[in-house]
Amino acid sequence: MLSWNPPLGLKPWHADWEACSVLTTVAHLPGSLFHTGSCSTPTQKKILMVTSILNSWQTDTLWEQKSDRNGKSNCYSLEIPRSRQRMDSLNQTTETLLYLSPVEVANLKEGINFFRNKSTGKDYILYKNKGDLKACKNLCKHQGGLFIKDIEDLDGRSVKCTKHNWKLDVSTMKYINPPGSFCQDELVVEMDENNGLLLLELNPPNPWDSDPRSPEDLAFGEVQVTYLTHACMDLKLGDKRMVFDPWLIGPAFARGWWLLHEPPSDWLERLCKADLIYISHMHSDHLSYPTLKKLSERRQDIPVYVGDTERPVFWNLNQSGVQLTNINVVPFGIWQQVDKNLRFMILMDGVHPEMDTCIIVEYKGHKILNTVDCTRPNGGRLPAKVAFMMSDFAGGASGFPMTFSGGKFTEEWKAQFIKTERKKLLNYKAQLVKDLQPRIYCPFAGYFVESHPSDKYIKETNIKNDPNQLNNLIKKNSDVVTWTPRPGATLDLGRMLKDPTDSKGILEPPEGTKIYKDSWDFGLYLNTLNAAVGDEIFLHSSWIKEYFTWAGFKNYNLVVRMIETDEDFNPFPGGYEYLVDFLDLSFPKERPSREHPYEEIRSRVDVIRFWNHFQIKLPLTPPNWSLFLVHCG
């Protein structure tokens with residue numbers, strides 16, 4: 001058993017329980033601790049015993065099981081307060097999701113079986129392999145789509161999501177499209193004494209319920225939320241100030257995204273006055289080095305907090321030229337105490353746990369939930385009835401299908417696909433808000449635009465969701481108060497919680513304030529991209545092998561032709577055109593004779609030679625280009 005030690009200065013409240021399993025925790029406990037009691041199934045007996053143990057132990061130690069970054073289970077011990085009230089809030093629970101009668105059990109067919117609980121409307125999948133049974137929710141881990149039988153699977157082991165065609169091998173509970181991505185959470189299958197079948201879900205305690213605090217009355221002006229731009233919010237929390245994801249100048253994603261809104265003129269002063277800054281993940285519309293460079297010139301020691309993700313948020317800090325000296329990497333699911341009234345907790349995303357995070361901020365018992373860009377924040381387990389919630393809404397982050405052509409990718413097909421995807425996202429966000437029932441909801445983290453003239457086609461094609469459209473959809477299905485923010489607008493949480501109709505609850509920016517940007521300093525930032533084109537590295541064609549060998553992606557039957565182009569996607573004079581066979585990571589002159597998927601990628605030369613490519617699964621350490629040039633010399 002491993003012991004978990006909290007970083008110095010942090011109060012050890014509780015650890016992250018996302019994706020944990022009571023059954024695995026139970027497996028680590030001595031068998032002699034269990035007794036049968038009067039529970040009807042072995043699992044229920046064990047859970048009752050674990051609860052009894054937790055409530056009766058006189059020490060402060062709580063057993064916790066948690067999935068690590070590779071999806072493997074580790075067991076930790078953790079110190080928590082002794083309060084009986086707190087211990088009660090940490091009890092494990094079990095829920096029966098579906099019951100099958102003995103007749104239904106006898107009629108189970110080999111392979112995949114679909115079931116619906118008629119009373120709840122929830123769907124489930126059972127997989128039978130002779131005497132073995134596996135079960136899971138019929139709910140895709142990506143965006144909650146429904147699975148159907150995969151007609152392309154002749155072995156009868158996989159299902160396909162109706163939203164984005166993700167595929168799940170139910171015999172292993174592993175997703176096979178995209179390959180090597182996720183595992184589906186398994187349900188517990190138990191047989192009762194009459195040979196009926198129960199599907200059980202084991203629910204761990206929620207980390208935010210540790211040391212619960214009742215909401216206190218807020219004075220007017222005590223808690224204020226000011227929107228700056230995109231995903232950047234300035235929070236006044238008593239006498240402390242906290243800022244989320246400051247992207248306030250420059251582009252994101254090389255030169256692809258630019259700010260839609262004009263930030264308030266005092267944005268830099270606001271950042272400098274912050275007591276702490278939270279940065280959710282490494283994407284450059286949240287981790288903006290141009291913004292942080294301006295900030296670090298004024299205040300290097302400002303406290304910045306990030307989650308302990310597999311892909312470190314600040315992996316490129318040393319190469320960035322930004323001098324920040326007070327970066328704090330904190331574990332997931334633990335309250336970080338700022339002062340007696342203020343604390344926060346960072347949680348991981350269930351779809352991209354290696355990179356994405358979200359945050360709960362609590363002041364005097366009032367919770368503010370910011371899910372940022374998380375596709376399935378904290379695996380779908382989130383606090384309900386928070387005071388204020390914010391999330392992304394716009395869509396359009398992917399280049400698909402705007403940058404694809406040929407085959408089925410006609411303009412009509414792309415337009416319909418984009419329309420359908422945006423509608424799915426709207427419905428998903430509206431359902432999330434309906435389920436969580438926050439007092440106030442704000443759509444944010446979607447106010448960007450492809451403003452560079454060379455991206456005119458993408459700007460016109462890549463239609464994004466309207467925040468007002470989402471807010472109207474939410475109002476149809478719930479009583480949640482919604483807020484579409486404008487730069488510099490401030491929401492007074494105390495006023496809005498007391499009376500949502502209070503005219504002083506939301507202070508709009510002064511009349512005449514510039515809302516939308518109409519100019520961007522393209523030249524200032526594009527010069528850096530253009531300078532990469534003539535770098536000495538690209539005088540040697542062997543840079544291609546050096547780069548792809550470093551990236552390490554291989555053993556996949558895919559062949560790609562890369563073509564460096566000018567602004568209009570015509571071959572760049574003196575540019576490179578080459579094939580990459582990812583099956584053996586070779587660089588053939590011609591396509592192989594075997595059957596293989598094939599893609600042709602045309603990329604503007606300044607973007608592909610500048611773009612750092614450090615995304616998701618690539619190595620953290622960049623290629624050693626200095627050594628490469630020595631060898632070439």
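Since we're looking at a predicted model, the values are computed, not measured.

### Some remarks on the overall build of the protein chain
Assigned secondary structure in the protein chain consists of 15 helices and 34 strands. Counted over contacts in the protein chain with a minimum sequence separation of 6, partners at least 24 positions apart contribute 65%. Accessible surface, the protein chain: about 30000 Å² in total, of which carbon and sulfur atoms supply 51%.

### What to know about the side chain of Asn471
Summarising the element assignment, Asn471 is placed in helix H10 (residues 467–477). Judged by its relative accessible area of 2%, Asn471 falls in the buried class. Within the local environment of Asn471, its side chain forms a polar contact with the side chain of Thr484, the two groups lying 2.7 Å apart. Asn471 has contacts with Tyr441, Pro443, Thr482, Trp483 and Thr484, leaving out every residue within four places of it along the chain.

### Points about the environment of Ala219
Mapped onto the secondary structure, Ala219 falls in the loop between strand S14 (197–203) and strand S15 (223–229). Sequence separation between Ala219 and Asp492 is 273 residues; the distance between their C-alpha atoms is 9.6 Å.

### Here we look at the packing of helix H8 (residues 411–436) against H10
Running from N to C, H8 and H10 point in directions that differ by 45°, and their axes come no closer than 9 Å. As the angle between them shows, H8 and H10 are arranged oblique. For the crossing formed where H8 meets H10, the hand is right-handed. Of the residues in H10, those in contact with Leu426, Asn427, Lys429, Ala430, Val433 and Lys434 of H8 are Gln469, Leu470, Leu473, Ile474 and Asn477. Here the contact of H8 with H10 is composed, by residue class, of 6 nonpolar, 3 polar and 2 charged.

### Details of the packing of aromatic side chains
Scanning the model with the defined rule gives 30 aromatic pairs in all. Plain terms: the ring middles of Trp258 and Phe522 are 4.8 Å apart, the flat faces sit at 90° to each other, and that makes the pair edge-to-face. Residue Trp258 is located in strand S18 (residues 258–259), and its partner Phe522 is located in helix H12 (residues 522–533); the two are separated by 264 residues in the primary sequence. By the burial criterion, Trp258 is buried, and Phe522 matches it. Between the aromatic rings of Phe388 and Trp483, the centroid separation amounts to 6.3 Å while the plane-to-plane angle is 55°, which identifies the pairing as tilted. In this pair, Phe388 sits in strand S26 (residues 388–391) while Trp483 sits in the loop between strand S29 (481–482) and strand S30 (490–492), placing the two residues 95 residues apart along the sequence.

The rules behind each value
- Residues numbered from 1 in each chain as written.
- Predicted model: local features only at pLDDT ≥ 70, side-chain atom pairs only at ≥ 80, totals over all residues.
- Heavy atoms only, no water.
- Helix = DSSP H or I, 4+ residues; strand = E, 2+ residues; numbered from the N terminus.
- Contact = heavy atoms within 4.5 Å.
- Areas by Shrake-Rupley, 256 points an atom, 1.4 Å probe, with all protein chains shown as cover.
- Buried < 20%, exposed > 50% of the residue type's maximum accessible area, 1.4 Å probe, protein only.
- Polar contact = N/O pair within 3.5 Å; in protein donor to acceptor, adjacent residues only side chain to side chain.
- Axes fitted to C-alpha atoms, helices over the stretch in contact; angles between N-to-C directions.
- Parallel < 35°, antiparallel > 145°, perpendicular 65-115°, else oblique.
- Left-handed = near helix turned anticlockwise from the far one by under 90°.
- Nonpolar A, V, L, I, M, F, W, Y, C, P; charged D, E, K, R; others polar.
- Phe/Tyr/Trp six-rings, centres within 6.5 Å; stacked < 30°, edge-to-face > 60°.

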